[in-house]
Amino acid sequence: MNPRFKQFIVHLGLFAVTFVTTTLAGAEWVYSRSVFDPTFSWHDFALGLPYSVAFLSILTVHEFGHYFTALYYRVRVTLPYYIPLPPGFMLFGTLGALIRLRERVRSTKVNFDIGIAGPLAGFVLAVGILAYGFTHLPPAEYVFQFHPDYEKYGLDYADHVYPPAPMPPGVIDIKLGKSLLYSWMERLADDPRAVPNPHEIIHYPLLFAGYLALVFTSINLLPIGQLDGGHVLYGLIGHRRHRLVASIIFGLFIFYAGLGYINPASPGDQLIWEIPLFIGFLYLCFTGLRLHWQNTLMIALAVFTAQYVLATVFPGIKGYSGWLFFGLLLGRFVGVPHPPAEVEEKLSLGRQILGWLALVIFLITFVPNPIEIFESLPPTDGAP
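Below or above, wherever it landed, is the structure these notes cover.

Rules behind the numbers
- Position numbers for residues start from 1 in each chain and track the written sequence from start to end.
- Local features in this predicted model are restricted to residues whose pLDDT is 70 or higher, and side-chain atom pairs enter the listing and the counts only when it is 80 or higher, whereas totals over whole chains, interfaces and linings include all residues.
- Just so you know, side-chain values use all the structure's heavy atoms and leave hydrogens and water out.
- Only DSSP runs of H or I reaching four residues or more are called helices, and only runs of E reaching two or more are called strands; each is numbered from the N terminus.
- Type-normalised accessible area, obtained with a 1.4 Å probe on protein chains alone, sets the label of each residue: buried when under 20%, exposed when over 50%, and partly exposed for intermediate values.
- Each reported salt bridge corresponds to a side-chain nitrogen of Lys or Arg within 4 Å of a carboxyl oxygen of Asp or Glu.
- Two rings from Phe, Tyr or Trp (for Trp, the six-membered ring) form a pair when their centres sit within 6.5 Å of each other. Planes less than 30 degrees apart are called stacked, planes more than 60 degrees apart edge-to-face, and all others tilted.
- Every angle, taken between N-to-C directions, lies between 0 and 180 degrees, and every axis is a line fitted to C-alpha atoms, over only the stretch in contact when it is a helix.
- The labels follow the angle: roughly parallel below 35 degrees, roughly antiparallel above 145, roughly perpendicular from 65 to 115, and oblique for the rest.
- Helix crossings fall into two classes, left-handed where the near helix is turned counterclockwise from the far one by less than a right angle and right-handed where it is turned clockwise.
- Here a residue-residue contact requires only that any non-hydrogen atoms of the pair lie within 4.5 Å.
- The nonpolar class holds Ala, Val, Leu, Ile, Met, Phe, Trp, Tyr, Cys and Pro. Asp, Glu, Lys and Arg form the charged class, and all remaining residues, Gly among them, are polar.

**A closer look at unusual backbone geometry**
Right, so step 1: Non-glycine residue S32 carries a positive phi angle of around 55°.
Right, so step 2: Here S32 shows up in the loop between helix 1 (3-31) and helix 2 (42-47).
Right, so step 3: At R74, a position not held by glycine, the phi torsion is positive, near 60°.
Right, so step 4: Note on placement: R74 falls in the loop between helix 3 (49-72) and strand 1 (81-84).
Right, so step 5: Overall, R74 belongs to the exposed group, its relative accessible area being 77%.

**Thoughts on the pattern of salt bridges**
Right, so step 1: Considering all chains together, one arrives at eight salt bridges under this definition.
Right, so step 2: Linking R33 and D44 is a salt bridge whose minimum nitrogen-to-oxygen distance equals 3.2 Å. Remark: D44 occurs in helix 2 and R33 occurs in the loop between helix 1 and helix 2; sequence separation between them is 11 residues.
Right, so step 3: With relative accessibility at 7%, the residue D44 sits in the buried group.
Right, so step 4: Salt-bridge contacts for K178 lead to E186; the nearest nitrogen and oxygen are separated by 2.8 Å.
Right, so step 5: Through salt bridges with shared partners, a single network forms among R33, D37 and D44.

**Here's the deal with the packing of aromatic side chains**
Right, so step 1: Evaluation of the coordinates by the stated rule reveals 32 aromatic pairs.
Right, so step 2: Taking the centre distance of 6.1 Å and the plane angle of 75° together, the rings of Y157 and Y162 count as edge-to-face.
Right, so step 3: Judged by relative accessible area, Y157 falls into the buried class, the value being 8%.
Right, so step 4: We classify Y162 as buried; its relative accessible area is 4%.
Right, so step 5: Of the aromatic side chains, those joined through ring pairs into one cluster are W29, Y51, F55, F92, F208 and F216.

**Looking at the packing of helix 1 against helix 3**
Right, so step 1: Where helix 1 meets helix 3, the axes come as close as 7 Å, and the angle between the chain directions of the two elements is 135°. As the angle between them shows, helix 1 and helix 3 are arranged oblique. Along this stretch, helix 1 crosses helix 3, giving a crossing that reads as right-handed. Counting all contacts with helix 1, which are made through F15, T18, F19, T22, T23, A25 and G26, the residues of helix 3 involved are L49, Y51, S52, V53, L56 and T60.
Right, so step 2: Of the residues contributing to the contact of helix 1 with helix 3, the split by class is seven nonpolar, six polar and no charged.

**A word on the environment of L357**
Right, so step 1: Looking at the secondary structure, you find L357 in helix 12 (residues 349-365).
Right, so step 2: By relative accessible area, L357 is classed as partly exposed at 43%.
Right, so step 3: C-alpha of L357 to C-alpha of L120: the two residues are 237 residues apart in sequence and 9.4 Å apart in space.

Here is the structure:
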């Protein structure tokens, strides 16, 4: 078999598997129809299609934005590798997709163009899908088909069923945080009452797909290392200033992610060994700064001290620990500095405008707390 055709089959196969897993994820998230349920049918599978088609379309446009730009500059590049995830609770059906450049990009300009093309292309489609979703919302009563027990409260159900209101025992509630852009786009709805509550966005497939796409876009546009945003920032400000700015942004990111993880107000909830373990975790994250180990350790200790002091002074303050694992991936595998380009060249005015626009897109699509989970205790034995 021709090696190129064999490689094409690999890409096509990964896409097909990812299409299946995202469709299953859509059925599970939107309609709570798990593939592990013995009654799961093809009809249930079809229910997940609006989510999977919308989400994969945005993801595909993003990756082919990179791909076609690389081809334009005659940089050898692979087709996208889609990354499927098996169905299950809290999984979106995919970890995304990536392309591989088969040669080093030597020019700042070319690196910038390839890096920025993907997120801008995906962002445009995501905004379009969200706009369509908000202008074609079902009636406000749509949510009652998923929660018939809410109907007795009428459209004021939110005051009675979400935390801090008591939840029925054994219930898991999911709330999605909002970016600035998402909040602005809610105003497109003809009927404000039809705009889904943050706890119910998962039941609106186009909104949920667009929401996740904006979160993925913001992650890609983090101006760190060789993420798309790192390429953009490097092109705008050069190697030396990029290293400084990216290091500060990464430090603030890790600081926020771990804020309140060690809670001095509730020492009984933590074991004493958790503190050195958490400091060690911070150290691993900050190895991405590519500094001497002593400097890395000092930064980890300084960040932990600042987190501990702030949590002591303001006991209720809390970051988002869900970002910690991503911070570890950035630090250990991506790195914070951007490798220097062989050919440093100043970007044209048009590219500079696009670059700053991309960083603005990062700011308005970033969600400090994308997913919050509230879980009530299951009923005790003998409870009615």
